[in-house]
Amino acid sequence: MAQMASDKRDYYEVIGVQRTATAVEIKKAYRARALECHPDRAKGDKKEAEAQFKELAEAYEVLSDADKRARYDRFGHEGLRGVGMHDFSHMGFDDIFSMFEDIFGGGGARRRGGQPRARRGYDLETTVELTLEDVAAGVTKDIEFTRLDLCETCKGNGCKPGSKPSACRTCGGYGQVARSSFGGMFQAVTTCPACGGAGKSIDAPCADCGGRGRQSHDHAISVKIPAGVEDGMSIRIAGEGDVGDSEMLRGDLFCHVRVGEHDLFQRHGSDLLLEMPISFTQAALGAKIEIPTLSGPETVTIKPGVQSGELLQVSRAGLPDVRGGKRGHLMVRVIVETPAKLTRRQEELLREFAQTEDKAVLPHRKGFLDKIRDYLGGGDGKKE
Ligand SMILES: [Zn+2]
Ligand SMILES: [Zn+2]
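Definitions and cut-offs
- Residues numbered from 1 in each chain as written.
- Chains lettered and ligands numbered in written order.
- Predicted model: local features only at pLDDT ≥ 70, side-chain atom pairs only at ≥ 80, totals over all residues.
- Helix = DSSP H or I, 4+ residues; strand = E, 2+ residues; numbered from the N terminus.
- Buried ≥ 20, exposed ≤ 12 C-beta atoms within 10 Å, placed from the backbone.
- Pairing = 2+ DSSP bridges.
- Contact = placed C-beta atoms within 7 Å.
- Axes fitted to C-alpha atoms, helices over the stretch in contact; angles between N-to-C directions.
- Parallel < 35°, antiparallel > 145°, perpendicular 65-115°, else oblique.
- Nonpolar A, V, L, I, M, F, W, Y, C, P; charged D, E, K, R; others polar.
- Core = buried A, V, L, I, M, F, W, Y, C linked by C-beta atoms within 7 Å.
- pLDDT = per-residue confidence, 0-100.

Broken down by element type, the chain carries 10 helices and 15 strands. With 384 residues in all, the chain has 26% of them scored as buried.

Structure (structure tokens):
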């Protein structure tokens, strides 16, 4: 403490209570005195008011703490030497005031004389489902969602028509209160629990919104979704969220994009992958085949000797880049299919072909029914 202990006035006198006053009486008296020397309210010298306020804060710090009060009662100012106390003489008015805001009920010191800051409405979220075709071309979607609008009856002030809100008694109209442990060094400013930060109290609530000043409405807007958008991206639509303290202070709407799986194409960024089965003769001899793309069928040439798993590129047949880069490609993965069934003629031709290759192949395989017939009706498979 900057002042000499002996210069100090009696704390009970400073606050204006009897030595026998209860904690509640002390708090009440302190609050009344402190508000008198609030620089916004004080009529006289501001410096003088601030000095008084500091004196009050110090007195209250002692008398509101049972242990410090007991020491003070027994030993006077000397009894508080070495006891952890705030040095109010070096603190600004705002700091002191905010320390005790739970008593004044107001975070006002931080915005002295001001109204609570106008609040912005909440952001809202919605999801839009797209197909890959939507992504390829870009699409406009109608999105329906529920949001808060100003109540039409009370125009948002929450009061019965003809009445007006008054200043919140808990926070004094500031919209914030501070929670602080009196001797503690830490305190947190929080939204006033009584008025939810609006700084107002409503005596006659509007019947249509129950005093909230807001009503929930279904709302629909058209959202232009750019081509090339990716699954998991969000589109921010500014000013379509919940209403705030005014229409100008709406939150935003975030539209989360979900892109469904496609039956044929797998997406890899802006490239697409298509698995295309071809016959082993097409693979060996080459072919012109028709493949699907997102913009209709297209003919591609399979070169003779293509291997299963090889990739062909159809340039620029992928997706547009949402950031304005180059359009992706369509990659065609060739899957060579081995015929599971051959006609007699096909088998003859292939066996002949196998001989030219000089590769060992299995002899002609009997069908399962042939084997059963052999087993039952004699022949090679006859049981002894
Ligand atoms: Zn209303
Ligand atoms: Zn309040």
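What follows covers the pairing of strand β10 (residues 265–268). As a general feature of sheets, a regular strand has side chains that alternate between the two faces. As judged from the 4 bridges shared by β10 and strand β11 (residues 271–279), these two strands associate in the antiparallel manner. Bridge assignment links F265 to a residue of β11, and that residue is L274. Taking the residues between adjacent antiparallel strands as the criterion, β10 and β11 are bridged by 2 residues, where G269 takes a positive phi near 65 degrees.

Position of L56 relative to the elements: it lies in helix α3 (residues 46–63). Along the sequence, L56 and R31 sit 25 residues apart, while their C-alpha atoms lie 9.5 Å from each other. Those residues in contact with L56 that lie beyond four places of it in its chain are V14, I15, Y30, R33, A34 and C37.

This brings us to the sheet that holds β11. Within the open sheet, the 4 strands sit side by side as β10-β11-β15-β14. Their pairing is mixed. With one partner strand each, in any of the chains shown, β10 and β14 (311–314) form the two edges of the open sheet. On average, each strand axis in the sheet is inclined to that of its neighbour by 30 degrees, with strand direction left out of account.

Attention now moves to the packing of helix α2 (residues 23–36) against α3. Two elements in contact, α2 and α3, have axes separated by 10 Å at closest approach and are oriented at 170 degrees. One finds that α2 runs roughly antiparallel with respect to α3. Counted together, I26, Y30, R33 and A34 of α2 and F53, L56, Y60 and L63 of α3 form the full contact between these two elements. Looking at the contact of α2 with α3 residue by residue, the class counts come to 7 nonpolar, no polar and 1 charged.

Counting 20 residues, the largest nonpolar core has Y11, I15, Y30, L56, A59, Y60 and L63 as the members making the most contacts within it. For this core, the elements supplying multiple residues, two or more each, are α1 (11–15), α2 and α3. It is α3 that contributes the most residues to this core, 7 residues altogether. Leaving out residues up to four positions away in the same chain, Y60 has contacts with I15 and Y30.

What follows is about the confidence of the model for the chain. Mean pLDDT over the chain stands at 84; residues scoring 70 or higher make up 84%. For the stretch residues 1–5, pLDDT sits under 50, and the model shows 10 contacts to residues farther than four places along the chain or on other chains.

Attention shifts here to the pairing of strand β13 (residues 298–302). As paired elements, strand β12 (residues 287–291) and β13 share 5 bridges and run antiparallel to each other. Across the sheet, the residue bridging to E290 is T299, located in β13. If you look at the hairpin formed by β12 and β13, you'll find 6 residues sitting between the two strands, and G296 has a positive phi there, around 105 degrees.

What follows deals with unusual backbone geometry. In this structure, R316 is a non-glycine residue whose phi angle is positive, near 60 degrees. Here R316 is to be found in the loop between β14 and β15 (330–337). Among the residues examined, R316 registers 11 C-beta atoms within 10 Å and is labelled exposed.

Taken together, 3 strands build an open sheet; the order of strands is β1-β9-β8 and the sheet is mixed. Since the sheet does not close on itself, it has two edges, and those belong to β1 (124–130) and β8 (234–237), each with one partner. Strand after strand, the sheet turns through a mean of 25 degrees between neighbouring axes, direction not considered.

Another aspect to go through is the environment of P226. In this structure, P226 sits in the loop between β7 (214–225) and β8. Residues P226 and A137 lie 89 residues apart in sequence; the distance between their C-alpha atoms is 8.1 Å. Beyond its immediate sequence surroundings of up to four residues, P226 is in contact with G138 and V322.

Its place among the elements puts A51 in helix α3. What makes A51 partly exposed here is the crowd of 15 C-beta atoms within 10 Å. Measuring from C-alpha to C-alpha, the distance between A51 and C37 comes to 9.0 Å, with 14 residues separating the pair along the chain.

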